[in-house]
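Descriptive structure summary
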Amino acid sequence: MPPTDVRPGPAPDPDPDSDSDQIFRLQEEVRQLKEAVVSHAVVDQAIGVVVVLGGVTPDEGWIVLKEVSQHTNIKLRNVAETVLIWGRTGVMPPEILAALEDRLGRPVCGGPALSGPPQGSPRVSGRNSP
């Protein structure tokens, strides 16, 4: 006679898709982490542009970008991308430019014109050539 206090092991998982669900969740997590790494790099580069433009420390550059994002109600990554695009093309939306100049306390592109690269930006062969 078998012992009466023995209980059966856990029942098999009734959902055969649980492994595929877990794989999907892990793949999504990896995608989000990759996106975060890229976003972090974009923000770091934009901080560098703000540091050069404003003569501020990297910590202050971070604060400037964060405040511009909050003031304009534009995601920080999008503000950072805009700053990087402006550094290459000289084009920046007026609301971001105004918020950036306000936070830095001075014009950042030599006046009201919104075209041309930032003052003092180096000319690299093959880029920004006349």
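Here, the structure is the one placed above.
First things first, this report covers the structure right here in the doc.

Thresholds, definitions, all that
- Residues numbered from 1 in each chain as written.
- Predicted model: local features only at pLDDT ≥ 70, side-chain atom pairs only at ≥ 80, totals over all residues.
- Heavy atoms only, no water.
- Helix = DSSP H or I, 4+ residues; strand = E, 2+ residues; numbered from the N terminus.
- Buried < 20%, exposed > 50% of the residue type's maximum accessible area, 1.4 Å probe, protein only.
- Contact = heavy atoms within 4.5 Å.
- Areas by Shrake-Rupley, 256 points an atom, 1.4 Å probe, with all protein chains shown as cover.
- Salt bridge = Lys/Arg side-chain N within 4 Å of Asp/Glu carboxyl O.

The next subject is the overall build of the chain. Looking only at helices and strands, the chain features four helices and zero strands. Within the chain, the fraction of its 130 residues that count as buried is 25%. For the chain, contacts bridging at least 24 residues in sequence account for 49% of all contacts bridging at least 6. Entry remark: accessible area of the chain is about 9,200 Å², with carbon and sulfur atoms responsible for 58%.

By the definition in use, this model includes five salt bridges. Between R103 and E67 there is a salt bridge whose closest N-O contact spans 3.7 Å. Placement of the pair is R103 in helix 4 (residues 94-104) and E67 in helix 2 (residues 58-72), with a sequence separation of 36 residues. Residue class for R103 comes out partly exposed when judged on its relative accessible area of 24%. For E67, a relative accessible area of 33% translates into the label partly exposed. Here E81 makes a salt bridge to R77, at a shortest N to O gap of 2.8 Å.

Everything listed here is a matter of coordinates, which is why it stays silent on function.
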